[in-house]
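Observations on the model geometry
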Amino acid sequence: MSSGDGVTLVVGGSGGIGLATARELAGAGRPVVAAARPSRRLDELARSAQREGCPLRTLPVDVTSASSVAELFARLDGTPLTACVHTAGRNLSRRLLVPPEEDGQDWRTHPEQEWRDIVDLCLTGTFLVGRAAAKAFARQGTGGVLVTVASSTWPGSWGQSAYSAAKAGVVSLTRSWALELGEYGIRVVCVAPGVVDGEALRAKCASRPRHAAYLERLRRHVPLGRFAAEHEVAAAIVHAIDNEYLTGTVLEVHGGGFPGRID
Ligand SMILES: NC(=O)c1ccc[n+]([C@@H]2O[C@H](COP(=O)([O-])OP(=O)(O)OC[C@H]3O[C@@H](n4cnc5c(N)ncnc54)[C@H](OP(=O)(O)O)[C@@H]3O)[C@@H](O)[C@H]2O)c1
């Protein structure tokens, strides 16, 4: 199936990189289903697409729930699926150990529940969505492309071990699935952004001045001297969809990258 024949499902399509991707595809006249948890912004996206006559509709999903993901794909029944982009995820800054001299308490450690929450959302979510997409592509008999989203932190990152480990898992799923699914004409490509200068980052900086100062130091270490714009990551995702010889690979969109720890 060529990239223009069916719908592209963008999971995590109500905000950030997912929304930029959904907008870019729909703006080019390519049918899109944007899925995320039910929210006012998902409703507003559906209304604005209708107003503008964009080929975009929305569906609810919680990627941490197998039954919710199954329901999402059931609701697509009959709609040929060209591509599935999975962007739902979030970062967590949490060290494994916090020493007593920082806050006068005993050594504090990474809370287990926060580890589980990040792995659930970033890694298990990718597994559930990727599994359902692969089955949909295989049943159609047309093949298709799954785009996963990791992060340039995937090889390991100071102060973000749960997130980095989950994203390394996403890269590993991408490579393993590309090996398994090529024979069915299914491609699997991972896009790994560096820091993205989007709405979420700006909101976090506004409420946490220390984080904003840290990011400013980090920005100076990026060889291109700036963070990515959402549309630049979206462009890499669209490239991953359209280039029919890409599979099992990671497209790093990080402006040249940066060292792990910035003081
Ligand atoms: N922004 C960055 O600097 C950056 C850098 C590297 C990698 N990344 C990765 O890029 C991806 C997108 O990041 P972003 O910054 O664009 O995030 P974002 O602005 O927070 O958008 C995330 C999207 O995922 C949806 N989502 C979150 N939890 C969900 C769930 N349980 N089920 C279904 N949908 C869910 C959100 O909508 P609801 O919350 O309303 O459901 C939203 O549509 C993530 O995987 C992130 O780890 C981001």
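Above this text sits the structure in question.
Everything numeric in this text was worked out from a predicted model, so none of it was measured.

Digging into the side chain of lysine 167
Structurally, lysine 167 is set in helix 6 (residues 161–181). With no salt bridge to any partner, buried lysine 167 finds its closest opposite charge in glutamate 252, at an N-O distance of 12 Å. Contact partners of lysine 167, with chain neighbours within four places excluded, come to Cys122, Val149, Ala150, Ser151 and Trp154.

Details of the state of the cysteines
This model, assessed by the stated rule, comprises zero disulfides. This cysteine, cysteine 122, is not joined by any disulfide, and cysteine 190 carries the nearest cysteine sulfur, 12 Å off. Sulfur of cysteine 205: no disulfide; nearest cysteine sulfur belongs to cysteine 122 and is 19 Å away.

Let's talk about the pattern of salt bridges
Counted under the stated rule, the structure contains 11 salt bridges. Among the salt bridges present, the one from arginine 30 reaches aspartate 242, with a minimum N-O distance of 2.8 Å. Here the residue arginine 30 occupies a position in the loop between helix 1 (16–27) and strand 2 (32–36), and aspartate 242 occupies one in helix 9 (residues 230–242), the gap between them amounting to 212 residues. Residue classification places aspartate 242 among the partly exposed residues on the basis of a relative accessible area of 30%. What emerges from the salt-bridge pattern is a single network uniting Glu44, Arg47 and Arg51.

Some details on the site of the ligand
Among the 25 residues in the neighbourhood of the ligand, the closest are listed as Ser14, Ile17, Arg37, Tyr163 and Val196. Contact between the ligand and serine 14: an oxygen atom at 2.7 Å from a side-chain N or O atom of the residue. Within the backbone of glycine 15, an N or O atom sits 3.1 Å from an oxygen atom of the ligand. Against a free-state accessible area of 880 Å², the protein chains account for coverage of 85% of the ligand. The set of elements that each furnish at least two residues to the shell around the ligand consists of helix 1 and helix 6.

Details of helix 9
With 13 residues, helix 9 should cover 18 Å at 1.5 Å per step; its first-to-last C-alpha distance of 18 Å lies within 8% of that length. Residues of helix 9 that are buried: Val233, Ala234, Ala236, Ile237, Val238, Ala240 and Ile241.

Things to note about the pairing of strand 3 (residues 56–60)
The sheet contact formed by strand 2 and strand 3 spans five bridges and is parallel. Following the sheet pairing, valine 33 is matched in strand 3 by arginine 57. Crossover handedness for the path strand 2 to helix 2 (residues 40–52) to strand 3: right-handed.

Scoring rules and cut-offs
- Along every chain, residues carry numbers that run from 1 in the direction the sequence is written.
- In keeping with the model being predicted, local features are shown solely for residues with a pLDDT of at least 70 and side-chain atom pairs are shown and tallied solely at 80 or more, while totals for entire chains, interfaces and linings include all residues.
- Only hydrogens and water are removed before side-chain values are computed, so all heavy atoms of the structure are retained for them.
- Note on conventions: DSSP H or I runs of at least 4 residues are helices, E runs of at least 2 residues are strands, and numbering of each starts at the N terminus.
- Buried, partly exposed and exposed residues are distinguished by accessible area as a fraction of the type maximum, computed with a 1.4 Å probe on protein chains only: under 20%, between the cut-offs, and over 50%, respectively.
- For this count, His and the chain ends are skipped, Lys and Arg are scored as positive, and Asp and Glu as negative.
- Just to be clear on terms, a salt bridge is a Lys or Arg side-chain nitrogen sitting within 4 Å of an Asp or Glu carboxyl oxygen.
- In this description, contact between two residues means that some pair of their heavy atoms is separated by no more than 4.5 Å.
- The disulfide criterion used throughout: a pair of cysteine sulfur atoms within 2.5 Å.
- Nearness here has a simple test: a residue counts as near a molecule or strand if at least one of its heavy atoms is within 4 Å of that partner.
- For the purposes of these results, a polar contact is taken to be a pair of N or O atoms within 3.5 Å, where, inside protein, one atom must be able to donate a hydrogen and its partner to accept one; residues adjacent in sequence count only when each atom of the pair is a side-chain atom.
- Accessibility throughout is a Shrake-Rupley quantity obtained with a 1.4 Å probe, and a residue counts as covered only by protein chains that appear here.
- In this analysis, the expected span of each helix is defined as 1.5 Å times one less than the number of residues it contains.
- For two strands to count as paired, DSSP must find a minimum of two bridges between them.
- For crossovers, right-handed means that the path from the first strand over the helix to the second runs clockwise, given strands pointing away from the viewer.

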